[in-house]
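Descriptive structure summary
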Amino acid sequence: MSNYPIFGCYYYPNSSQHIKSYAHLSHEQITLVDSENTTLLASTIDNCQLDSPLPGMASELNFADGGRFIPQDVEFRWPFALKEHGLSERLEKNKILIVASVLLIPLLLWLILYRLIPSVAVYSVNLAPASTIETMGEQTLSVIEKVALEPSQLSTNKQSEIQQQWRLMLNSLNLDSAKFRLSFYQSDYFSANAFALPNGRVVVTDELVDLLKNDPDALRAILLHEIGHVQHHHSIRLAAQAAASTVVFAVIFGDLEGILEVVLGSGSSFLQQAFSRDMEQEADVYAIKNLLKLGYSNHDFADAIEALENNLQAQEGSYDDTWLKYLSTHPSSQERIEYARQYKPQ
Ligand SMILES: [Zn+2]
């Protein structure tokens, strides 16, 4: 028996009738006695239940038969409860921990969405059958075709000339020509632009071919940049991220329509997708390295970005925001130009 009885009130089972009493604790046993030292109740500690106590409130002990004992001292905590309830009470008391968790939860979400899921997606891409990615890419293209692409106006000669350069380049880099296909479209929406679908199809607009018509090496540099996006699985990483964030936010905010949108809207979301700075840089490095491997110059890539940048400046004002697209999906041109010009192979 404990030397220090705990003074409090014993409430009879399912009743508001109560009596002042003392609780005696031993290791496994709790005994309640009244002021005459007559035993009111004896129970093993395992058969008792504690309400999770809040700061400033007494820690109420509930017995199996429905009786309750409430210590008079609101600060009193049952020694056997320390392990069980200590943590939640400490958390509630500790404002620093509360503030930290408010900050840590978004950080954790960010890590999961932007670091963990993209890397898991990349890993699973290697396990996914090529036919799935092929279907995904072609379906995305047919959505974009409906919304933003018109048949190419380029001459057959011009098209086959570029296609021939493309095949030569694929051969020299040991890339599968069944996977990497080049398509031409006219597009007011994309204007002078190129983009790659996850299955390896690269789309080039007539406007881009026109812009670089006197600089085939610069066009090659852009095409290599797009191949870089495919080789690094950037679209798939973004799609996984978008899907996962929608699901996470839908769960948090209870927005089920969002989930439906993810399932139905993967094609149109491609139009809004923007690669991260890191992804752009990865694709730039891929392009520059392979230009050098093919015996061309790192300056070809810088020239290509410069041509796009100059074209943008010249057109500014006469075009509205659609014109900003290439450079908004490909940020900080000046940095990229300098990086390419100063590139030294390791
Ligand atoms: Zn890019």
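Residues numbered from 1 in each chain as written. Predicted model: local features only at pLDDT ≥ 70, side-chain atom pairs only at ≥ 80, totals over all residues. Heavy atoms only, no water.

**Quick look at the overall build of the protein**
Heads up, the rule is: Where helices and strands are cited, they refer to DSSP runs of H or I of at least four residues and of E of at least two residues respectively, numbered from the N terminus. Partly exposed residues are those whose accessible area sits between 20% and 50% of the maximum for their type, while under 20% is buried and over 50% is exposed, using a 1.4 Å probe and protein chains only. When checking whether two residues touch, look at their non-hydrogen atoms; a contact exists if any pair is within 4.5 Å. In these tables, accessible area is a Shrake-Rupley quantity obtained with a 1.4 Å probe, and a residue counts as shielded only by the protein chains included in the view.
What the protein contains, in helices and strands, is 13 helices and 11 strands. Expressed as a percentage of its 346 residues, the buried residues of the protein come to 41%. In the protein, once contacts between residues fewer than 6 apart in sequence are set aside, the share between residues at least 24 apart is 58%. Only carbon and sulfur atoms are counted for the fraction: they give 56% of the accessible area of the protein, which is about 19600 Å².

**Some remarks on the sheet that holds strand β11 (residues 201–205)**
For clarity, the threshold we go by: Only when DSSP finds a minimum of two bridges between them are two strands counted as paired. Between the N-to-C directions of two axes lies an angle of 0 to 180 degrees, each axis being a line fitted to C-alpha atoms and, for a helix, fitted only over the stretch in contact.
Strand order in the open sheet formed by 4 strands is β8-β9-β11-β10, with mixed pairing between adjacent strands. Each edge of the open sheet is held by one strand with a lone partner, namely β8 (150–151) and β10 (194–196). When β10 meets β11, the two strands line up antiparallel, connected through 3 bridges. Each bridged residue has a counterpart across the sheet, and for F195 the counterpart in β11 is V203. Here helix α4 (residues 156–172) sits on the sheet and contacts β9 (181–186) and β11; the angle it forms with β9, its principal contact strand, is near 150°. Its contacts with the sheet place helix α6 (residues 216–231) against β9, β10 and β11, and it is angled at close to 25° to β10.

**With respect to the sheet that holds strand β4 (residues 39–44)**
With respect to topology, 7 strands assemble into an open sheet ordered β4-β3-β2-β1-β7-β6-β5, the strand pairing being antiparallel. Each of the sheet's edge strands pairs with one partner strand only, and the pair in question is β4 and β5 (49–50). Relative to β4, strand β3 (residues 29–33) runs antiparallel, the two sharing 5 bridges. Note on β4: the bridge partner recorded for L32 is L41.

**Points about helix α10 (residues 277–293)**
One turn of the α-helix equals 3.6 residues, which is why residues spaced by three or four share an orientation. For the record, the criterion: A helix is expected to span 1.5 Å multiplied by its residue count minus one.
If you check α10, its first and last C-alpha atoms are 24 Å apart, about what 17 residues at 1.5 Å a residue would give, namely 24 Å. When α10 is considered as a whole, its buried residues turn out to be M279, E280, A283, D284, V285, Y286, A287, I288, N290 and L291. At the C-terminal side of α10, G295 shows a positive phi close to 90°.

**Some points on the pairing of β3**
A large share of β3 lies buried, amounting to 4 of its 5 residues. Between the antiparallel neighbours strand β2 (residues 18–25) and β3 lie 3 residues. What sits between the antiparallel neighbours β3 and β4 is a turn of 5 residues, in which N37 has the positive phi angle 70°.

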